[in-house]
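Fold and geometry: a report
Each chain is listed here by its residues.
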Amino acid sequence: MSKYQVNEKGYYGKFGGAYIPEMLYPNVEELRQEYLKIMNDPDFQAEFDQLMRDYVGRPSPLYLAERLSERYGANVYLKREDLNHTGAHKINNTIGQILLAQRLGKKRIIAETGAGQHGVATATVCALKGLECVVYMGAIDIKRQAPNVARMKMMGATVVAAESGSKTLKDATNEALRDWINNPVDTHYIIGSVVGPHPYPDMVARFQSIISSEAKQQLLDKKGKLPDYVMACVGGGSNAIGMFYHFLEDESVQLIAAEAAGKGIRSGHSAATSVLGKEGVLHGSRTILMQTPDGQVIEPYSISAGLDYPGIGPQHAFLHENKRVKYVSITDDEAMQAGLLLTRLEGIIPAIESAHALAQLEKMKFEKDDDIILCLSGRGDKDLDNYMNYFSF
Amino acid sequence: MNRLAQLFNNKKDKNILSIYFTAGYPHLNNTLDIAEGLEKAGADFLEIGFPYSDPLADGPVIQHSSQVALQNGMTLEVLFEQLKELRKRVSIPVYLMGYFNTVYQYGVERFCKSCAEVGVDGAIIPDLPMYEYEELYEDIFKSNGISNVFLVSPQTTDDRVRKIDSLSTDFIYLLSSSATTGKDLKVSDERLSYFQRIKALNLNNRIVIGFGISNHDNFKQAAGAADAAIIGSAFVRQLESDDYLQRIPEFIRSIKEG
């Protein structure tokens, strides 16, 4: 067993576990007992692989971005998760979990969503499999993300506004957990990131690990070597875990995760959990989260709705603590400039989330032969309004 | 003998009522006024909630009270300061109820010591799982004489109920159904058979039913099926009106006598 992966008790070092009320225990326990069995079943794997290939469009390309490479004096490869069906890496996980839910005999699917990408990916697989779908979304986010709300509704999902607390992602997560408490038998909760009680962080990481298993092979095929750097953005952290997963044991590979500093780490409007957070319990796992001294969760801020989460997944907390991954902070401004730069140099409009990882390139010094793999986790179509307003196009 | 055991020894009728309210709601400094009012009105024991920003086992009423309490400035520090006078004004058993992160930040050992100092009998922490409690915290609770109360839901298996029973010291909090707080309880055959299933296990601890109890009828049914019943949201709703302290006696009477 890898020292960076979850142990049999559901922990990564001291992080993880399942801090859940008794009402959720049977659901989570059923999942814990079944998820590896189901995922290792050849029929499951065949169906998962087939959908990944024919429906999602995998493998996603590993693209050598030549003009970007020229700028940074190194080889920058983009792992093109933005080319997946629905436009981001989120679909890798929802395909996996819908197949798992079917095998558990569940009839109804619930999910939380912030910007709506995970909600859309969940509504998509529910339409694909004909399962009822309810997506919880903060009332404020519903207003901010109208196109994604429309996509979910068109696919037959019910979008429920979370009116509690700050009415954003963390409250949508609370509402989804409350729904699950009230519907313990027939419902499966598709969590969208590597957060939540064990086994969710491990399960989601395994579904997303397809990103790094492909990328590692793709670079080997092109260059016959491992990359020097692997980079990704982190909100809850699912694309980053997916991008790092198969490189964790390759200690020569430097892993870098970009968090959202918002308007600046000390501005009071930030989501830089690794800097501002403290150990605690959030949404069922022990991790690092932004909180007041008496343990109340602080509402994060980022221009990117997908990074706007007050915690990071427990595996990230562990990788931060043992320094296997370097966590850096990127402001709104840095991310927006990096998004525009990629658009102008490569003709690719990135999601603002992914632009945080791109912005880190500006801050690093590379050797000429360095190979960098950067996870382009999603496309920027959903962010056009944001970009237009920011740059006054 | 602890306060809860004494209560059950002294009271032979099947009419034991516990009331939950959120500390700091509707006003920061009324915690002991409400507790004292409840004892005088005939409540048999109390759960005092300490607020958390993300109370995921709670419905809208207790969410709202928690949010207001936090805005009012309630924290565990403030609460324990207020509770220094607890045993001068209140003699019935008192349990604190809230979520683990707030306890964790306060310090679990410090929390137990503070409870013991002010005369709180135990804690109900819905998201502190049995495994963690047993591995990390049981010794701390026990050495401070603080009871940790676990929840049991209709989906909890018999084996797990027995395990919970072995770790409990005062009572087991039997959830009337798998639901968040504040839903209206309808007593059905299915529910009665669940209560009977738990009773048939002959547990060492008292069984107290909570969640969804809001009126005389479902109080009588729940208290009759177990050792006592807890009312939370229905009482917290009373606190919305300005004359809430005056309303307490009538509320308790309406629950107990109908």
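Residues numbered from 1 in each chain as written. Chains lettered and ligands numbered in written order. Predicted model: local features only at pLDDT ≥ 70, side-chain atom pairs only at ≥ 80, totals over all residues. Heavy atoms only, no water.

**Examining the overall build of chain B**
Looking only at helices and strands, chain B features 13 helices and nine strands. What you see for chain B is a C-alpha radius of gyration of 17 Å, in line with the 18 Å of a compact globule of 258 residues. Within chain B, buried positions represent 62% of all 258 residues. In chain B, of all internal contacts separated by at least 6 residues, the share reaching a separation of at least 24 is 75%. Of the roughly 9900 Å² of accessible surface on chain B, a fraction of 46% belongs to carbon and sulfur atoms. The positive charge centre, built from 26 side chains, and the negative charge centre, built from 34, are 4 Å apart in chain B. (Helix = DSSP H or I, 4+ residues; strand = E, 2+ residues; numbered from the N terminus. Rg over C-alpha atoms; globule rule 2.2 N^0.38 Å. Buried < 20%, exposed > 50% of the residue type's maximum accessible area, 1.4 Å probe, protein only. Contact = heavy atoms within 4.5 Å. Areas by Shrake-Rupley, 256 points an atom, 1.4 Å probe, with all protein chains shown as cover. Lys, Arg positive; Asp, Glu negative; His and termini not counted. Charge placed at Lys NZ, Arg CZ, Asp CG, Glu CD.)

**Notes on the interface of chain A and chain B**
The partner chain B presents 38 residues to the 34 residues of chain A that form the contact. Its largest share of buried area at the contact with chain B, chain A owes to Glu-22, Met-23 and Arg-178 of chain A, together 21% of the area lost on that side. Taken together, the connections running from chain A to chain B amount to two salt bridges. Along the contact surface separating chain A from chain B lie 21 residue pairs in polar contact (both at pLDDT 80 or more). Ranked by residues supplied to the side of chain A that touches chain B, first place goes to helix H8 (residues 169-182) of chain A with eight residues. (Buried area = accessible area lost by both parts, 1.4 Å probe. Salt bridge = Lys/Arg side-chain N within 4 Å of Asp/Glu carboxyl O. Polar contact = N/O pair within 3.5 Å; in protein donor to acceptor, adjacent residues only side chain to side chain.)

**Brief notes about the pattern of salt bridges**
All names here are of chain A. Counted under the stated rule, the structure contains 51 salt bridges over all chains. When the shortest N-O distance is used, the salt bridge between Lys-14 and Glu-321 registers 3.1 Å. Here Lys-14, found in the loop between strand S1 (11-12) and strand S2 (15-16), pairs with Glu-321, found in helix H13 (residues 314-321); they are 307 residues apart in sequence, far enough to count as distant. Residue classification places Lys-14 among the partly exposed residues on the basis of a relative accessible area of 35%. In this structure Glu-321 comes out as partly exposed when scored by relative accessible area, which is 38%.

**Regarding the domain arrangement of chain A**
Residues and elements named next belong to chain A. The domain architecture assigned to chain A consists of domain 1 (21-51 + 90-204) and domain 2 (59-87 + 209-391). Placing a centre on the C-alpha atoms of domain 1 and another on those of domain 2 gives a separation of 23 Å. Opposite the 30 residues of domain 1 that make contact, domain 2 presents 27 residues. When domain 1 packs against domain 2, close to 2100 Å² is buried across both sides, 59% of that on carbon and sulfur atoms. Applying the counting rule to domain 1 against domain 2 returns one salt bridge. Its salt-bridge partner being Asp-308, residue Arg-144 comes within 4.0 Å of it at the nearest N-O pair. Counting every contact that joins domain 1 to domain 2 gives eight residue pairs in polar contact (both at pLDDT 80 or more). The set of elements that each furnish at least two residues to the side of domain 1 that touches domain 2 consists of helix H4 (90-103), helix H5 (117-129), helix H7 (146-154), H8 and helix H9 (200-208). At six residues, H8 tops the list of elements feeding residues into the side of domain 1 that touches domain 2. (Domains from an automatic or database assignment.)

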